[in-house]
Amino acid sequence: MEFTARLQQIATVLLEEDVSVWQKARQTWQNDPEAFVEEGLADRYQVDELLDNGPDDKASQIDLFLGVALDLGYSLYVDWSGEESEGDFETWVDARLHAFGQAFDYMVIEDWLDQVDEDRLERGDYILQKFALVGKAVAEQGFTLIFFQEGGDTYFPFLLRSADWEKMPAAVRSASDDEDPYPRLVPYEEVR
């Protein structure tokens, strides 16, 4: 499947009714790059350093998609070594669940924190364990924690209804290009 069509399908599922925000930003960037900057979209979506690459550049398209997703709260930037501030991830999960009319049970995290020995974990393992714990918890509520992988060492989680994840074709989830397998969507169980 062609990259732009795949990214469009990914955006349609992950951004839900707000996919039009991404489409409008992309269209403005393609048709009038000056307006894109003047309207503050480059700053808002944190893509100002990519403007020289142009809107057809694959990395630029991915970064614009992620910028919109982060701005609208559909995703969260999580460094490979952990959250910027303790609790950012579960706060984001709770906000996403609230968007679906549900809430996150913070006791899942509290109970785990009482048991985990952070000193025995390698750097980066703490956040992977937290992803697994939360992924299992939200699965019980009918949701799937997935990650948009763009080839870097940053985690971009998304939360969707499990039924929406199961309906998503494999061709949309993963790139078929062996030379460049990104972007791809993976469930929390496959995050490393």
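All values reported here derive from a predicted model rather than from experimental measurement.

A. Spotlight on unusual backbone geometry. The backbone of Glu-16 shows a phi angle near 50 degrees, a positive value even though the residue is not glycine. Mapped onto the elements, Glu-16 comes out in the loop between α1 (3–14) and α2 (19–31). On the basis of relative accessible area, Glu-16 is assigned to the partly exposed category, the value being 22%. Unlike most non-glycine residues, Gln-46 shows phi in positive territory, near 55 degrees. Tracing the backbone shows Gln-46 in the loop between α4 (41–44) and α5 (58–71). By relative accessible area, Gln-46 is classed as exposed at 59%.

B. Layout of the packing of α2 against α5. Look at α2 against α5: their axes get within 10 Å of each other, and the N-to-C directions meet at 140 degrees. One finds that α2 runs oblique with respect to α5. In this structure, α2 meets α5 at a crossing whose hand is right-handed. Touching Val-21, Trp-22, Ala-25, Arg-26 and Trp-29 of α2 are Ser-60, Gln-61, Leu-64, Phe-65 and Val-68, all from α5. For the contact of α2 with α5, the per-class residue count stands at 7 nonpolar, 2 polar and 1 charged.

C. Expanded view of a negative patch on the surface. On the surface, Asp-32, Glu-34, Glu-38 and Glu-39 cluster together to form a negatively charged patch. Position of Asp-32 among the secondary structure elements: in the loop between α2 and α3 (33–38).

D. Structural view of the side chain of Ser-162. Relative to the assigned elements, Ser-162 resides in helix α9 (residues 162–167). The buried category is assigned to Ser-162, whose relative accessible area is 13%.

Rules used in this analysis
Residues numbered from 1 in each chain as written. Predicted model: local features only at pLDDT ≥ 70, side-chain atom pairs only at ≥ 80, totals over all residues. Heavy atoms only, no water. Helix = DSSP H or I, 4+ residues; strand = E, 2+ residues; numbered from the N terminus. Buried < 20%, exposed > 50% of the residue type's maximum accessible area, 1.4 Å probe, protein only. Axes fitted to C-alpha atoms, helices over the stretch in contact; angles between N-to-C directions. Parallel < 35°, antiparallel > 145°, perpendicular 65-115°, else oblique. Left-handed = near helix turned anticlockwise from the far one by under 90°. Contact = heavy atoms within 4.5 Å. Nonpolar A, V, L, I, M, F, W, Y, C, P; charged D, E, K, R; others polar. Patch = residues over 30% accessible without salt bridge, like charges linked within 9 Å, V, L, I, M, F, W, Y side chains within 5 Å. Areas by Shrake-Rupley, 256 points an atom, 1.4 Å probe, with all protein chains shown as cover. Salt bridge = Lys/Arg side-chain N within 4 Å of Asp/Glu carboxyl O. Lys, Arg positive; Asp, Glu negative; His and termini not counted. Charge placed at Lys NZ, Arg CZ, Asp CG, Glu CD.

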